[in-house]
Amino acid sequence: MRITRRRLFGVLAGAGALVGVPPVWMSRMKTYDGPVSDHFDGLHFFDPNGASPRSLGEVLRWQFGGGRKRETWPDWVPSPHADIPPARVDGDKVRLSFVGHASWLIQTGGLNILVDPVWSMRVSPVAWAGPKRHNDPGIAFEKLPKIDVVLVSHGHYDHLDIVTLSRLAKNFAPRVVTPLGNDVAMRSFDRTIKAEAFDWHDRVELGEGVAVHLVPTRHWTARGVFDRNKALWASFVLETPAGKIYVVCDSGYGDGGHFRRVAEKHGALRLAILPIGAYEPRWFMRDQHMNPEDAVKALADCGAQAALGHHHGTFQLTDEAIDAPAKALVEALDAAKIPQERFVAMKPGQVVEI
């Protein structure tokens, strides 16, 4: 494969979204400064049960090495669904609207909660390169109800979209709950973003009958050349009037320990939101992204009553076809003898109510 300058810059920009090898023109960024813990050595966060992120050399081997098979996605694949959510959802119900990739609107207990909101056209530190959308958000930004809380899982560009967060701050001024250090990046860009940073195992009250726990997950983070793992990453367990919802925005499977520990600590889960995409090639992605077979094992480990699959079909971060995750999920469920209706691959604009 011929390596052109534009191709190389595009790869590096995309890597900023996915594996934290951002473009060399990124400036030095302020980072977290706090006490040493069992997952922070004073400079870098780490997962005692995880794996180190891939090196730049491995990124280039994946992108330009021989034998790579990257499936071509259609330029535009519109979802058949589009949602116009209500102003509020009260009582003991939860309404979940899939925006796309890892973005959700969760309405419960009179609160409107966004998870990893991304309305930008690209998930990249630059506007002209890096992964771009293949479908519109499932909710038009102008159709959003008043947003009260935003949960941001980590700093990769396909999850922490600073432009979207700034738009939300201007329109709604929501609380933004995020793991330690990500608040620094947010406020460095826009001081009006009301970012609150928390550690693994912290519980944050969001409103009457609604709270969120930040729980360990098998991943990592970076946004600039000098900040690899200088902020923390997490999954979320939401306490709602309808039961607990486990939201995993990005995770490898490993030995499944993180999922089993959530079940042990948090008990019965009404629903799990699990990533099923961005997993090929496996030699590169295994430690940071689950494939559908891994996600089915994660469902069994956490014991949730049902699951919704996300992190697929909107941004091409990896090599599998756009429809491969949904097809592979069907096969994995059949192999595990789990009913198809228990774990559904979502499309932007689809709504689930519990």
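Residues numbered from 1 in each chain as written. Predicted model: local features only at pLDDT ≥ 70, side-chain atom pairs only at ≥ 80, totals over all residues. Heavy atoms only, no water.

**Focus: empty space enclosed by the protein**
This is how it is decided: Only protein atoms enter the 1 Å grid, on which a cavity is a set of points fitting a 1.4 Å probe that cannot get out and a pocket is an open set with protein on both sides within 12 Å along at least 5 of 7 lines, lining residues being those with an atom within 4 Å of a point. Grid points are joined across faces, edges and corners, and a volume is the space filled by probe spheres set on the points. Three residue categories are used. Nonpolar comprises Ala, Val, Leu, Ile, Met, Phe, Trp, Tyr, Cys and Pro, charged comprises Asp, Glu, Lys and Arg, and polar comprises the others, including Gly.
This model, assessed by the stated rule, comprises 4 cavities of 30 Å³ or more. Approximately 110 Å³ is the volume attributed to the largest cavity. Its residues placed into classes, the lining of the largest cavity shows 5 nonpolar, 5 polar and 4 charged.

**Some points on the confidence of the model for the chain**
Keep this limit in mind: For every residue, the predictor reports its confidence as pLDDT, a number between 0 and 100. Only DSSP runs of H or I reaching four residues or more are called helices, and only runs of E reaching two or more are called strands; each is numbered from the N terminus. The contact criterion used throughout is that any non-hydrogen atoms of two residues lie within 4.5 Å.
Per-chain confidence: the chain averages 92 in pLDDT, with 92% of residues scoring 70 or above. Highest mean pLDDT in the chain belongs to strand E4 (residues 149-151) (99); lowest belongs to helix H1 (residues 5-18) (51). Counted against residues more than four places away or in other chains, residues 19-27, with its pLDDT under 50, gives 34 contacts.

**Concerning the sheet that holds strand E11 (residues 271-275)**
Here is the rule we go by: The rule for pairing is simple: two strands pair if DSSP sees at least two bridges between them. A fitted line through C-alpha atoms represents every axis, and for helices the fit uses only the stretch in contact; the resulting angles, taken between N-to-C directions, go from 0 to 180 degrees.
The strand order across the open sheet built from 7 strands is E7-E8-E9-E10-E11-E12-E13, with neighbouring strands paired in mixed fashion. Among the strands making up the open sheet, the edge pair consists of strand E7 (203-207) and strand E13 (343-345). Ignoring strand direction, the axes of neighbouring strands in this sheet form an average angle of 20 degrees. As judged from the 5 bridges shared by strand E9 (residues 235-240) and strand E10 (residues 243-247), these two strands associate in the antiparallel manner. By the bridge assignment for E10, leucine 238 is matched with isoleucine 245.

**A word on the sheet that holds strand E14 (residues 351-353)**
On the basis of which strands lie adjacent, the open sheet formed by 7 strands has the order E6-E5-E4-E3-E2-E1-E14 and mixed pairing. The sheet is open, and its two edges are formed by strand E6 (194-198) and E14, each paired on a single side. Adjacent strand axes in the sheet meet at a mean angle of 20 degrees when their direction is disregarded. Across 3 bridges, the pairing between strand E1 (residues 94-100) and E14 is antiparallel. Pairing of serine 97 across the sheet is with valine 351, part of E14. Sheet contacts for helix H4 (residues 182-189): strand E5 (175-179) and E6; angle to E5, the most-contacted strand, approximately 135 degrees.

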